[in-house]
Amino acid sequence: MDALNASKLLNEELYSRQLYVLGSPAMQKIRGARVLLSGLQGLGAEVAKNLVLMGVGSLTLHDPHPTCWSDLAAQFLLSEQDLERSRAEASQELLAQLNRDVKVVMHTGDITEDLLLDFQVVVLTAAKLEEQLKVDTWCHKHGVCFLAADTWGLVGQLFCDFGENFTVQDPTEAEPLTAAIQHISQGSPGVLTLRKGANTHYFCDGDLVTFSGIEGMIELNDCAPRSIHVREDGSLEIGDTATFSRYLCGGAITEVKRPKTVRHVDAETVVGLAQDLEPLKWTEEERLEQPLDEALVRTVALSSAGVLSPMVAMLGAVAAQEVLKAVSRTFMPLDQWLYFDALDCLPEDGELLPSPEDCSPRGSRYDGQIAVFGAGFQEKLGRQHYLLVGAGAIGCELLKGFALVGLGAGNSGGLTVADMDRIELSNLSRQFLFRSQDIGRPKAEVAAAAAQGLNPDLQVIPLTYPLDPTTERIYGDNFFSHVDGVAAALDSFQARRYVAARCTHYLKPLLEAGTLGTRGSAQVFVPHVTEAYRAPASAAASEDTSYPVCTVRYFPSTAEHTLQWARNEFEGLFRLSAETINHHQQAHTSLTDMDGTQTLTLLKSVFGVLRERPQNWQDCVAWALGHWELCFHYGIKQLLRHLPPNKVLEDGTPFWSGPKRCPQPLEFDTNQDTHLLYILAAANLYAQMHGLPDSRDWTALRELLKLLPQPDPQQMVPIFPSNPELASASAEFGPEQLKELNKALEVWSMGPPLKPLMFEKDDDSNFHVDFVAAAASLRCQNYGIPPVNRAQSKLIVGQIIPAIATTTAAVAGLVILELYKVVGGPRPRSAFRHSYLHLAENYLIRYMPSAPAIQTFHHLKWTCWDRLKIPAGQPERTLESLLAHLQEQHGLRVRMLLHHPALLYSARWSPEKQAQCLPLRVTELVQRVTGQVPAPGLRVLVLQLSCEDEEEDTAFPPLHYEL
């Protein structure tokens, strides 16, 4: 029932990706939060933007100071038209437009002690130390959470004071650990054994746990949390079970998260502690022994004059996350001070630092950045032409950063944004360049226009084509010859791998970022300096996760198995069957012409107990009830007839053991919400497919189900074969069944075309997710598997990536810090940084990228960035002259030569075949083998070669044959 009665106070579709990170209770607290933010320079604007996007109840802005030129380098809410206008006033309306659910108001007076009583959190940016100490003292006194944040050039800091007794209700981002139970002994203590494959090492001594779904020892179900002790063999002691009923089977053990309390001191105390540090009290003799690092002090001083967009993006994201921790009491707060610098953005050689004259103000929107890097560097940024792949959450943040730093904003520079997707409501909580009126429009076009609104000098070209192998005629040699670098903001490892391969091929630097909830990463890959991009093996594997068909159909052991089954059910019943019937209607094919028994099974499931098309809502409900009985009652009984619970294998091992769970049939009950939800969802989807009116009336549905006859088992398709133990299980159809199905198909095909339903995860009113979640939950009940709730089902089946605005903004800031280095000119590998952060656990690491791996073959040495080149010449080389050149110049006796997968030459060919191919020009040979003429504008043919005497794993550099 809850699935259909979502909270009216929370727009779950808007905040869907965020809800998967924070949870509904935390979001409800955030929606009621009252925050005061003082200081609307770049850092304050970033904090405000993140809080508004994430849906705080109200945000009060305070900053009476007028806008000046240096603000425009990092404050994206301001423009040249706002000069001399108060920052808070100029920012208020634009912030309100980001999220109409948030009340954004302005306070024009002073900050007083009485004013603070109206807020839960107070944030100061760009405030003097005296002001910070005064306000924090008031906040500490009245139990108001306090934050102070500042950036100076490439240096920043954040301080938090949440009081002396702040309780965190949900300390970690991880879901509570759940594992399936194998056995529980009666005794004192009782010993619980987990099913094989469970993550036993995640449980720790002293963890609190609860139990559910246990048959037999029911005293444990929904009991008060119990403390556990982990034994050496991985089993768990769970307390006294001596007087409990005997354990039979099934059940799950679930970790219970425990609140934690933190104690903060106020800022004045911190200042006092700092003053008491021993280094500050050194004698003159001690100072001589450990002299001050004057070079470091000079570097910090020189770089702190301006305000930089990526620095405020990074610090503003962390500060906003701390505000959310304060109001939601979710995740551990910072303890208590963060210092962050990116001084590695400056040249290692101090003599290469810009001169004071080069850093002087120009009356320009980039003055805040020129103050750090100089006007010469600013001009270089303007001449760049970059490709941004992806205009989603990270892409929007990068575009904002590019506009503020002036990347491609010069006369000869520019940006290209490539994204094929269109804007959805769920995008608006993170992708701040979009508004509600943009829903349905191409992301690339809207993002490009919005970026130009941030900086009118920016030249942005939107492209709505994907960057993949199908579009290499668009993103080809000519395109990449005008690109200085690539920024990737993609949400799949397959897409990342392809873009990275293009960058390696064209020798372009790649800036890459990704997020998962409060985790984020930012990486930089520079030709000949760092390694090339490689997707994490575990992540890449998880993206392509698939389960054996036999396991999904007959032997599920995890909730993921049941969700895959339910998703397959949706596709088969409501999309593939409609497409098959429509195809028959158009092509007049017979069932005997169709591909395999899977299609036949599919059609009979759709026809169900009906001999004719459904005519009304009652028919749709009758079909849904029949399919419920087929899947969760009769089908399970049929399986157990073939594989009874007491079946034993030849070696004496019970068949139903290990990961194979013995199922039990369910009895339909209209008082069970999951049973009723399945019928409601299935009937509505069936009605939608047939263009019939639907219904959402639960009460009427219950009454209708009481009047319907019990489905006839004889009319139901045999969903299990005679030997379901075989992986190639399929239904058996005799001539009579085929004749019957053909007749039904003829009848159905005389009506109007059916509407195939394409699975849509983000529309909570269309019953798609409801059907899958209910079907999977019922399947879990059949097999005694701990189920997942609707939200988790939607996350898994929809392959949704949990995301929040703060992590997105932070990684975008870290990426642009690396952009400074890439554009700044040749830098050693030691200058670059990969970054990984986890905002929920206050973790940030920045480390030097690895060097590219060196491969050798005889006298040749190369890395992934190297290639063999054959310059264009007149006349064009023949295959024979090409092979001779490779042997003479590089000592390579080619064994095989390929163009993509096409074999152009093999040393093992017969003399006759070699005689035919060796005299051919290379382009002529490629055209003959591939059947394709080189595309117009193609500058290079990329050939792969293998050589005699090479090692098995040798991967020679590609051979670039210039045209």
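Description of the structure in this document. (Residues numbered from 1 in each chain as written. Predicted model: local features only at pLDDT ≥ 70, side-chain atom pairs only at ≥ 80, totals over all residues. Heavy atoms only, no water.)

**Quick word on helix H26 (residues 790-797)**
- The complete set of buried residues in H26 reads Ser793, Lys794 and Val797. Across the axial projection of H26, the buried residues extend over an arc of 100°, all falling on one side.
- Taking the backbone nitrogen of Ala791 as reference, a side-chain oxygen 3.2 Å away marks Asn789 as the first, capping residue of H26.
- In the stretch just after H26, Gln799 is the one whose phi turns positive, near 50°. (Buried < 20%, exposed > 50% of the residue type's maximum accessible area, 1.4 Å probe, protein only. Helix = DSSP H or I, 4+ residues; strand = E, 2+ residues; numbered from the N terminus. Arc of directions from axis to C-beta. Polar contact = N/O pair within 3.5 Å; in protein donor to acceptor, adjacent residues only side chain to side chain.)

**What to know about unusual backbone geometry**
- The omega torsion across Ser188 and Pro189 is 10°, close enough to zero to call that bond cis.
- Among the secondary structure elements, Pro189 is positioned in the loop between strand S8 (178-184) and strand S9 (191-194).
- Residue Gln336 is reached from Asp335 by a cis peptide bond, and omega for that bond is -25°.
- Following the sequence through the fold, Gln336 ends up in the loop between helix H10 (309-328) and strand S16 (337-341).
- Even without a glycine there, the phi angle at Phe331 is positive, about 75°.
- Mapped onto the secondary structure, Phe331 falls in the loop between H10 and S16.
- A positive phi angle, close to 55°, is found at His900, a residue other than glycine.
- Considering the arrangement of structural elements, one finds His900 in the loop between strand S28 (894-899) and strand S29 (902-906).

**Concerning the sheet that holds strand S30 (residues 940-947)**
- A sheet is described by the order of its strands in space; here 5 strands give the open sequence S27-S31-S30-S28-S29, paired in mixed fashion. Of all strands in the sheet, those bounded by a partner on one side alone are strand S27 (868-870) and S29. Across the sheet, the axes of successive neighbouring strands diverge by a mean angle of 25°, strand direction being ignored.
- Across 3 bridges, the pairing between S27 and strand S31 (residues 959-962) is parallel. By the bridge assignment for S31, Leu868 is matched with Leu959.
- Across the sheet, helix H28 (residues 879-890) lies against S27, S28, S29, S30 and S31, angled at about 125° from S28, the strand it touches most. (Pairing = 2+ DSSP bridges. Axes fitted to C-alpha atoms, helices over the stretch in contact; angles between N-to-C directions. Contact = heavy atoms within 4.5 Å.)

**What about the sheet that holds S9?**
- Pairing within the open sheet is antiparallel, and its 7 strands lie in the order S11-S10-S14-S8-S9-S13-S12. In this open sheet, the two strands that pair with only one neighbour each are strand S11 (226-227) and strand S12 (229-230).
- Looking at chain direction, S9 and strand S13 (residues 236-237) are connected through 2 bridges and run antiparallel. Residue pairing across strands places Val191 opposite Glu237, the latter belonging to S13.

**Overview of the packing of helix H21 (residues 617-642) against helix H22 (residues 673-690)**
- As a packed pair, H21 and H22 sit with axes 8 Å apart at the nearest point and diverge in direction by 125°. Judged by the inter-axis angle, H21 sits oblique to H22. When you trace H21 past H22, the crossing you get is right-handed. Judged by residue contacts, Trp617, Cys620, Val621, Trp623, Ala624, Leu625, His627, Trp628 and Phe632 of H21 engage His675, Tyr678, Ile679, Leu680, Ala682, Ala683, Asn684, Tyr686 and Ala687 from H22.
- A class-by-class count of the residues in the contact of H21 with H22 yields 15 nonpolar, 3 polar and no charged. (Parallel < 35°, antiparallel > 145°, perpendicular 65-115°, else oblique. Left-handed = near helix turned anticlockwise from the far one by under 90°. Nonpolar A, V, L, I, M, F, W, Y, C, P; charged D, E, K, R; others polar.)

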